[in-house]
Amino acid sequence: VLSIRGAQEEEPPDAQLMRLDNMLLAEGVSGPEKGGGSAAAAAAAASAGVGPDNSAEHSDYRAKLTQIRQIYHTELEKYEQACNEFTTHVMNLLREQSRTRPISPKEIERMVGIIHRKFSSIQMQLKQSTCEAVMILRSRFLDARRKRRNFNKQATEILNEYFYSHLSNPYPSEEAKEELGKKCSITVSQVSNWFGNKRIRYKKNIGKFQEEANMYAAKTAVSAASVSAHGSQANSPSTPNSAGGYPSPCYQPDRRIQ
DNA sequence: CCCTATGATTCCGT
DNA sequence: ACGGAATCATAGGG
């Protein structure tokens with residue numbers, strides 16, 4: 001009713017609308033019809049983390065995204081159409097009224113402006129809820145926590161061997177991480193995650209890991225012994241244990257119940 | 001179904 | 001950018 005001067009300037013406060021538009025575009029909802037969407041989704045999946053390109057999950061995600069996109073487009077179209085219809089309807093009414101009373105073009109313009117603002121606020125809502133839906137979808141499918149799989153036994157074996165044989169400084173270098181990742185067929189960041197988790201959990205409850213520590217200490221001791229027995233030089237294979245970081249589990253071969 | 005183990009993410013300090 | 005800590009979400013075993 002009272003926004004006459006706002007009729008011409010509709011831009012200034014709509015930073016949020018910009019954000020919504022940008023996000024919809026980036027997510028492939030409002031952009032190009034088909035190929036763009038999947039490309040954006042793939043990029044999103046790739047950037048979202050470790051994503052070993054699970055195409056089964058991924059196609060599911062894409063299907064849902066397409067669904068969202070279709071809904072969005074049909075709704076948008078519906079709103080647009082409704083807006084136009086309503087506008088022409090109002091125009092007709094005004095035209096009819098102009099027979100009984102004078103109606104300035106300014107008034108018509110004002111009415112049209114009001115209608116358009118109303119409908120664009122509805123569009124805004126639509127965009128917002130679409131964004132929300134996309135975010136939920138993303139968190140549902142792209143969050144790697146939701147499809148966590150344990151590493152296989154051999155991989156954890158290798159990782160544990162490294163951890164317990166470097167217990168004094170269980171911080172593998174970049175190269176070491178790469179090598180471990182290669183041996184375990186996991187990514188470097190997964191190796192980093194594993195060591196991060198292992199360090200904190202070991203430190204938090206050393207007692208719980210005592211048995212495991214002893215086991216791996218024994219295992220590496222055995223392999224070292226066999227190596228030195230086989231080879232000629234008695235080189236302790238990069239195991240200068242018990243320096244600074246974590247308390248050594250101090251292997252006790254015949255630790256029994258009292 | 002509950003509980004623990006575990007991989008991944010987030011927050012924060014450095 | 002990396003590591004510690006807390007937390008999330010699922011896997012796995014009883």
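Small disclaimer: the values here were computed from a predicted structure and weren't measured.

A. Quick look at the pattern of salt bridges. With the rule as written, the count across this model stands at six salt bridges. A salt bridge links glutamate 212 to lysine 198; the shortest N-O distance between them is 2.7 Å. Of this pair, glutamate 212 sits in helix α8 (residues 206-230) while lysine 198 sits in helix α7 (residues 188-204), and the two are 14 residues apart along the sequence. Classification of lysine 198 as buried rests on a relative accessible area of 9%.

B. Representation of the protein's contact with DNA strand C within the structure. All residues in the neighbourhood of DNA strand C are listed as Arg145, Arg146, Arg148, Arg149, Asn150, Tyr171, Lys177, Arg199, Ile200, Arg201, Lys203 and Lys204. Within 4 Å of the protein, the contacting atoms of DNA strand C are drawn from sugar and phosphate to the extent of 83%. One of the side-chain N or O atoms of arginine 146 is found 3.0 Å from a phosphate oxygen in DNA strand C. Interatomic distance of 2.5 Å between a side-chain N/O atom of lysine 203 and a phosphate oxygen of DNA strand C. Tallying contributions element by element places α7 first for the surface near DNA strand C, with five residues. Looking at side-chain class alone, the surface near DNA strand C contains two nonpolar, one polar and nine charged residues.

Definitions and limits used
Residues numbered from 1 in each chain as written. Chains lettered and ligands numbered in written order. Predicted model: local features only at pLDDT ≥ 70, side-chain atom pairs only at ≥ 80, totals over all residues. Heavy atoms only, no water. Salt bridge = Lys/Arg side-chain N within 4 Å of Asp/Glu carboxyl O. Helix = DSSP H or I, 4+ residues; strand = E, 2+ residues; numbered from the N terminus. Buried < 20%, exposed > 50% of the residue type's maximum accessible area, 1.4 Å probe, protein only. Near = heavy atom within 4 Å. Polar contact = N/O pair within 3.5 Å; in protein donor to acceptor, adjacent residues only side chain to side chain. Nonpolar A, V, L, I, M, F, W, Y, C, P; charged D, E, K, R; others polar.

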